[in-house]
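The residues making up each chain are set out below.
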Amino acid sequence: MSAEQTAYRAGFASLVGRPNAGKSTLTNALVGSKVAITSSKPQTTRHAIRGIRTTDSSQLILVDTPGLHRPRSLLGQRLNDLVRETLLSVDVIGFCLPSDQRVGPGDTFIARDLADLHRVRKVPVIAIATKADTVSRDRLAEHLVAIDGLGDWDAIIPCSATGGDQVEEVADLLAAHLPVSPPLYPADQITDETTVVQIAELVREAALEGVRDELPHSLAVQVEEIVPREDRPEDSPLSDVRVNVFVERSSQKAIIIGRGGSRLREVGTEARRGIEDLLGHRVHLDLHVKVAKDWQRDPKALDRLGF
């Protein structure tokens, strides 16, 4: 084995695919910890979240992008631009194609983009058949053949992020294409997202559960402040966390709040658990739901909300 093969490798990998292709779940499985929010609703990811997987032989920095899609709003266009910008700066790409859905126009659209990128930048692309545990062996074999017909991939691999099947093999395939380099982050760091962004994402994930299909796109979350309570005993700290949840219409505000505030209480309880795990101490979570009319189409509102 050559010195180049045994040398330490470190670099960036991006997982791409259409919305709801299992990219966030795979990111979390590869990192071994929750760094990206997951939801059955498409278009959950809005930021390129970096998860960091460090082993004795490599450091794989995973950039989990929003799903590429035909945009219907300024927000959609900005998310697509974010994906394309990310792809120009990574060492290897994992193209996620869910096994429980047939290869369709959305996948063909992304495959064409990746073929162009491969031609211009020579970025290697690994095709990953996600959610492999949800289909029969025959259906999976059909899916793999369809993926092969989509383009000229450096490798094709099925995996199940929830079951853990072939997750290590996916990591090895991606890491093999990283440049020889010392680690770029400390070994114990698993994300470079700020605490504020992680808290906002935890609230958004809780708010997305069990809501109607049109609401996920209209939901934005902004952390107003995190203030440690004074005069607390050292062994029992408490922080006040104030968070605004923005929707586009009054009818959506009513959905989030629920009858007598019941839905908002559920969101608060669920989000608080995740925030307390993140901060390592108790929090008092103060949630406010506000209407920012048609914010997805308003450039100033998008800038204010960090898009």
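Residues numbered from 1 in each chain as written. Predicted model: local features only at pLDDT ≥ 70, side-chain atom pairs only at ≥ 80, totals over all residues. Heavy atoms only, no water.

Draft legend 1. Representation of the pattern of salt bridges. Across all of its chains, the model carries 11 salt bridges by this definition. With a shortest N-O distance of 2.2 Å, Arg242 and Glu225 are connected by a salt bridge. You can see Arg242 sitting in strand 8 (residues 238–247) and its partner Glu225 sitting in strand 7 (residues 220–228), a full 17 residues away along the chain. A residue is classified by how much of its surface remains accessible, and Arg242, at 28% relative accessible area, is partly exposed. (Salt bridge = Lys/Arg side-chain N within 4 Å of Asp/Glu carboxyl O. Helix = DSSP H or I, 4+ residues; strand = E, 2+ residues; numbered from the N terminus. Buried < 20%, exposed > 50% of the residue type's maximum accessible area, 1.4 Å probe, protein only.)

Draft legend 2. Looking closely at the nonpolar core. In this structure, Val203, Val243, Ile275 and Leu287 are the most contacted members of the largest nonpolar core, which totals 23 residues. Every element with two or more residues in this core is listed here: helix 7 (195–208), strand 7, strand 8, helix 10 (262–279) and strand 9 (282–291). Excluding residues within four positions of it along the chain, Val203 makes contact with Val221, Val243, Val245, Val267, Ala271, Ile275 and Leu287. (Core = buried A, V, L, I, M, F, W, Y, C linked by side-chain atoms within 4.5 Å. Contact = heavy atoms within 4.5 Å.)

Draft legend 3. Molecular detail of helix 2 (residues 23–31). For helix 2, the tally of buried residues reaches seven of nine residues, placing the bulk of the element in the interior. When we look at burial in helix 2, the residues that qualify are Lys23, Ser24, Leu26, Thr27, Asn28, Leu30 and Val31. One or two steps after helix 2, the chain reaches Gly32, where phi turns positive at roughly 85°.

Draft legend 4. Spotlight on the sheet that holds strand 7. One open sheet holds the three strands; their spatial order is 7-8-9, and the pairing between them is mixed. At either end of the open sheet lies a strand with only one pairing partner, and these are strand 7 and strand 9. The mean inter-strand angle of the sheet, taken between neighbouring strand axes irrespective of direction, is 20°. Sheet topology places strand 7 next to strand 8; eight bridges connect them, and they run antiparallel. When the bridges of strand 8 are listed, Val223 appears paired with Val243. Most of the contacts of helix 9 (residues 250–257) go to strand 9, to which it runs at about 155°, and overall it touches strand 8 and strand 9. (Pairing = 2+ DSSP bridges. Axes fitted to C-alpha atoms, helices over the stretch in contact; angles between N-to-C directions.)

Draft legend 5. A look at the confidence of the model for the chain. Averaged over every residue, the pLDDT of the chain is 82; the share at 70 or more is 81%. The spread of mean pLDDT over the elements of the chain runs between helix 1 (residues 3–6), the lowest at 56, and strand 6 (residues 155–158), the highest at 97. The low-confidence segment residues 40–46, where pLDDT is below 50, has 36 contacts with residues more than four positions distant or belonging to other chains. (pLDDT = per-residue confidence, 0-100.)

Draft legend 6. Just unusual backbone geometry, in detail. The phi torsion at Lys131 lies on the positive side, around 55°, for a residue other than glycine. Mapped onto the secondary structure, Lys131 falls in the loop between strand 5 (125–130) and helix 5 (137–150). A relative accessible area of 23% places Lys131 in the partly exposed class.

Draft legend 7. Structural view of the packing of helix 9 against helix 10. In the contact formed by helix 9 and helix 10, the axes pass within 5 Å of each other and the chain directions differ by 65°. Packed against helix 9, whose contacting residues are Ile255, Ile256 and Ile257, the element helix 10 presents Ser262, Arg263 and Leu264 at the interface.

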